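Tertiary structure, described
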Amino acid sequence: MDLDHEKHGMHEQEETKQEKGKMEHEKHEMHKGHEMKGEGHAAHKGHAAMLEDFKKRFIISLILTIPIIALSPTIQQFFGFSFDIPGSLYIRFILSTIIYFYGGYPFLKGIVDELKKKQPGMMTLIAVAITVAYVYSSAVVFGLEGKTFFWELATLIDIMLLGHWIEMRSVMGASRALEELVKIMPSEAHLLKNGETEDVEVDQLKAGDKVLVKPGEKIPVDGTVVDGASSVNEAMLTGESKPVEKNVDDEVIGGSINAEGSLVVEVKKTGKDTYLNQVVELVRKAQESKSRSQDIANKAAFWLTIIALSVGTITLIAWLLYGETLVFAIERMATVMVITCPHALGLAVPLVVAVSTSLAAKSGLLIRDRTAFEKARNIQAIIFDKTGTLTKGVFGVADIISLGDLNENEVLRYSASIESNSEHPIAQGVVKTSKEKELELAKTSEFKAIAGKGVEAKVDGKMMKVVSPGYLKEKNIEVRDDRAEKLLGQGKTVVYLLEGDRPLGVLALADIVRDESKDAIKKLKDMGIKCIMLTGDNESVAKAVSEEIGIDEYFANVLPDKKAEKVKEVQKKYSVAMVGDGINDAPALVQADVGIAIGAGTDVAVESADIILVKNDPRDVVDIVNLSKKTYRKMLENLLWATGYNAFAIPLAAGVLYSIGILLSPAVGALLMSLSTVIVAINARLLKM
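The chain appears in an unreviewed UniProt entry as Copper-translocating P-type ATPase from Methanooceanicella nereidis. In its Subcellular location (unreviewed entry) section, the UniProt record describing the chain reads: "Cell membrane". One UniProt comment on the chain, placed under Sequence similarities (unreviewed entry), says "Belongs to the cation transport ATPase (P-type) (TC 3.A.3) family. Type IB subfamily."

Here's the deal with a nonpolar patch on the surface
Together, F78, F79, F81, F83 and I85 make up a nonpolar patch on the protein surface, roughly 550 Å² of accessible area in all. In this structure F79 comes out as exposed when scored by relative accessible area, which is 58%.

Considering the packing of helix 18 (residues 515-526) against helix 22 (residues 619-654)
Their axes nearest at 8 Å, the elements helix 18 and helix 22 cross at an angle of 30°. In terms of axis orientation, helix 18 runs roughly parallel to helix 22. Counted together, E516, D519, A520, K523 and L524 of helix 18 and R619, V621 and V622 of helix 22 form the full contact between these two elements. For the contact of helix 18 with helix 22, the per-class residue count stands at four nonpolar, no polar and four charged.

A closer look at a negative patch on the surface
A surface patch of negative charge is lined by E188, E198, D199, E201 and D203. For the negative patch, the element with the most residues is strand 2 (residues 196-201), which contributes three residues. Tracing the chain through its elements places E198 in strand 2.

Looking at the UniProt feature "transmembrane region" (unreviewed entry) in the chain
UniProt feature "transmembrane region" (unreviewed entry): in the numbering of this structure it lies at residues 58-83, 89-108, 120-142, 148-166, 300-322, 334-361, 639-661 and 667-687. Regarding residues 89-108, the helix share stands at 100% and the strand share at 0%, and the terminal C-alpha atoms are separated by 25 Å. Taken end to end, residues 639-661 is 70% helix and 0% strand, and its first and last C-alpha atoms sit 31 Å apart.

Conventions used here
- Residues numbered from 1 in each chain as written.
- Predicted model: local features only at pLDDT ≥ 70, side-chain atom pairs only at ≥ 80, totals over all residues.
- Heavy atoms only, no water.
- UniProt positions renumbered as here; feature names shortened; annotations may be inferred.
- Patch = residues over 30% accessible without salt bridge, like charges linked within 9 Å, V, L, I, M, F, W, Y side chains within 5 Å.
- Areas by Shrake-Rupley, 256 points an atom, 1.4 Å probe, with all protein chains shown as cover.
- Salt bridge = Lys/Arg side-chain N within 4 Å of Asp/Glu carboxyl O.
- Buried < 20%, exposed > 50% of the residue type's maximum accessible area, 1.4 Å probe, protein only.
- Axes fitted to C-alpha atoms, helices over the stretch in contact; angles between N-to-C directions.
- Helix = DSSP H or I, 4+ residues; strand = E, 2+ residues; numbered from the N terminus.
- Parallel < 35°, antiparallel > 145°, perpendicular 65-115°, else oblique.
- Contact = heavy atoms within 4.5 Å.
- Nonpolar A, V, L, I, M, F, W, Y, C, P; charged D, E, K, R; others polar.
- Lys, Arg positive; Asp, Glu negative; His and termini not counted.
- Charge placed at Lys NZ, Arg CZ, Asp CG, Glu CD.

Below you can see the structure in the form of C-alpha cells.
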C-alpha cells in the first residue's frame with residue numbers, strides 16, 4: 001500500500017513538471033513570428049488550452065482514484081469498513097495503469113528529452129520516482145512478495161495535478177498583462193475616403209490613411225492628429241492616469257481612449273511597428289530572457305536533482321541494510337524523490353520575472369535587458385543628460401521680476417501680447433509660457449521690430465517694448481536690481497519689458513526644468529545614490545540648473561561624442577546608470593552599467609538602452625531602482641524558501657525520525673511539494689510597484 005502511494009506521488013509530480021514544460025514550449029511557439037494581434041490571440045488561446053488540459057487530467061485522475069481508494073484494504077481498515085469485489089486487485093491495477101500512462105506520459109517524455117540533452121532535471125526525478133513505484137506495484141500484482149501502493153500513487157497524482165493547476169493559474173496571471181494589452185486594441189476603424197467614412201478591419205490600414213476617432217472610442221492605430229482636438233486616456237499604455245491633451249500634429253497611440261472630441265488621425269505605424277506591439281515584444285523577450293538569478297536557480301535545481309537521486313538510492317540501500325523490507329525501503333526512496341523535486345526552485349525566479357516585467361510594462365517602464373535591470377538595485381551613481389531629461393528641452397520663461405507697479409503675471413501678459421506678433425524663438429517661448437499660465441493676451445497695434453534689439457507695440461493705449469540688454473546699454477537705460485544681474489550670470493536669456501524708457505519687468509528664458517526632476521533627485525539622494533548631470537551647455541547654465549534641481553555634481557561643455565568618456569570616468573568610482581533621450585546619448589547609454597532611455601514616447605525600440613521609460617518623467621528612474629530591489633528581494637525569498645524547504649524535507653522523507661514515529665508517506669510528500677510550489681507562486685504575485 002505504501003509503495004502504491006509512492007508511485008502515485010511520483011507520477012503526479014512528473015505529470016506536473018511535464019505539463020509545465022509543455023506550457024512553456026507552447027507559449028514560446030505561439031509567440032514566434034506573430035504580429036501583435038495574432039500573437040496575443042495565440043498566447044491567450046494557448047494558455048487557456050493548457051489550463052484546460054491540466055484541469056481535464058486532474059478531473060479524470062480524480063474520478064479514477066475514487067474506486068481505487070474504495071477498494072484499498074488499507075483504507076477500508078483505517079475507516080473500519082469492508083467492501084470487496086472479485087478481481088479488485090486487478091481493477092486497482094488497471095485504473096492505476098491508466099493514471100500512470102495518461103498523467104505520466106508528459107513526464108516520461110520529459111526524461112527522454114532531458115537525457116538527450118544530458119541535462120537531467122526535474123522531469124528525470126519525477127519520471128524515475130513514478131516508474132519505480134508503478135513497476136514495483138505491478139510486479140506485486142503478478143506474483144512478487146510485497147504490497148501495492150496503488151491508492152497512494154493515485155492520490156499523489158491528484159495532489160500534484162491540483163498544485164500544478166494552481167501554479168499554472170499563477171503563471172497565466174503573471175503574463176496576463178500582455179493579453180490585456182492586446183485586448184484593448186479595437187478590431188475596426190472608421191477609414192476616411194473621399195469625404196466619407198468606411199468601417200474597415202484595422203489590419204487593412206496602411207501608413208498615410210486617415211481615420212476618424214469618435215468621442216469615447218479607442219484609437220485604432222499609432223498616428224498623428226491632422227484635425228480636431230481632444231483629451232486622450234493613455235493609462236493602459238503609459239501608466240499616466242491624467243488625460244493627455246491632443247491637438248493637430250500631436251502623436252496618438254493605438255489602444256488609448258479618446259475622450260470628448262472627434263479626431264482625424266493619419267496612420268503612421270501599423271502591425272509590428274506600433275507602440276503596443278513593441279511593448280508586447282519587449283515584455284515577452286524580457287520574460288523569456290535568462291538572468292543571473294535564473295542561472296543560479298537552474299544550477300541549484302540541477303544539483304538538487306542529483307542530490308535527490310543520490311539520497312534516494314542511499315536511502316533504499318540503508319534501509320535494506322538496516323533490515324527493513326524491500327517495500328518499506330522503496331517507499332522511503334520514492335518519498336525522498338517526490339519531496340525533493342525542485343519544482344518550487346525552478347519557478348522561484350521565472351515567476352518573479354514574469355510579474356515584475358508585466359508590472360513595469362503597465363506603468364510605462366519597459367525592460368529590455370533583465371541582467372541590467374537586476375544591476376539597477378546596486379546603482380551607486382546616476383548620470384542624467386540635461387536637455388530633454390531633467391529639463392523639458394523647450395525654451396520658456398523661467399523667471400519673472402517685477403520692477404514697477406505690475407505683478408509678475410501682468411509683466412508676462414504684456415510681454416506675450418507684444419511678442420505674439422513675432423516668430424522669433426524668444427517670442428515663441430514667452431507666448432508659450434503665457435498660454436500655459438492661461439493668461440488672456442491684450443490687443444496690440446502699431447507693432448514694429450527693433451532690428452536686433454527687440455520689438456515694440458501699443459498695448460492698452462501704451463507704447464511698450466520687449467528688448468534685449470543691448471538695447472538698454474545703447475539707450476543708457478539702467479536697471480538697478482541685483483536679481484536681474486544674477487539671472488544674466490546664470491546664462492539665461494534675459495529680456496526687459498519697457499513702457500517708453502521706463503523698465504517694468506524682467507523675463508529670463510531658459511530650457512525649463514521639469515517639476516518632477518527636483519522630486520526625483522531628492523528621492524535618489526535619500527536612497528544614497530549620487531546624482532550627476534551631463535550637458536553641452538556652458539558652465540553658468542549647468543551650475544544654475546544643478547543648483548536649482550539639487551544635483552551633486554555636473555559636467556558642462558560636454559560634446560555628444562564625449563559623453564561616453566565621462567561615463568567611463570565616473571565608472572572608476574561607482575556602479576553607474578545613465579539616463580538620456582536615447583538619441584545623441586546612445587554611446588553613453590551603452591557604456592553605462594545600466595542604460596535608461598527616458599521619454600521614448602511611441603518610439604520604444606531604443607536599441608542602446610537596457611530600460612526604456614515611456615514618459616518624460618525622471619521619477620520613473622526612482623521606480624526602476626525600487627522595483628529592481630523589490631524584485632531581487634522576492635527572488636531571494638523564493639530561492640531561500642525552495643532550498644530551505646528541501647533541506648528540511650529530505651531527512652524527514654528518508655525516515656531519520658522513524659524511531660520516534662514520524663514518517664512521511666509519498667502522498668504527504670507530494671502535498672508538501674505542491675504546497676511549496678504554490679507558496680512560491682503566491683509570493684511572486686505579491687510583488688507590487
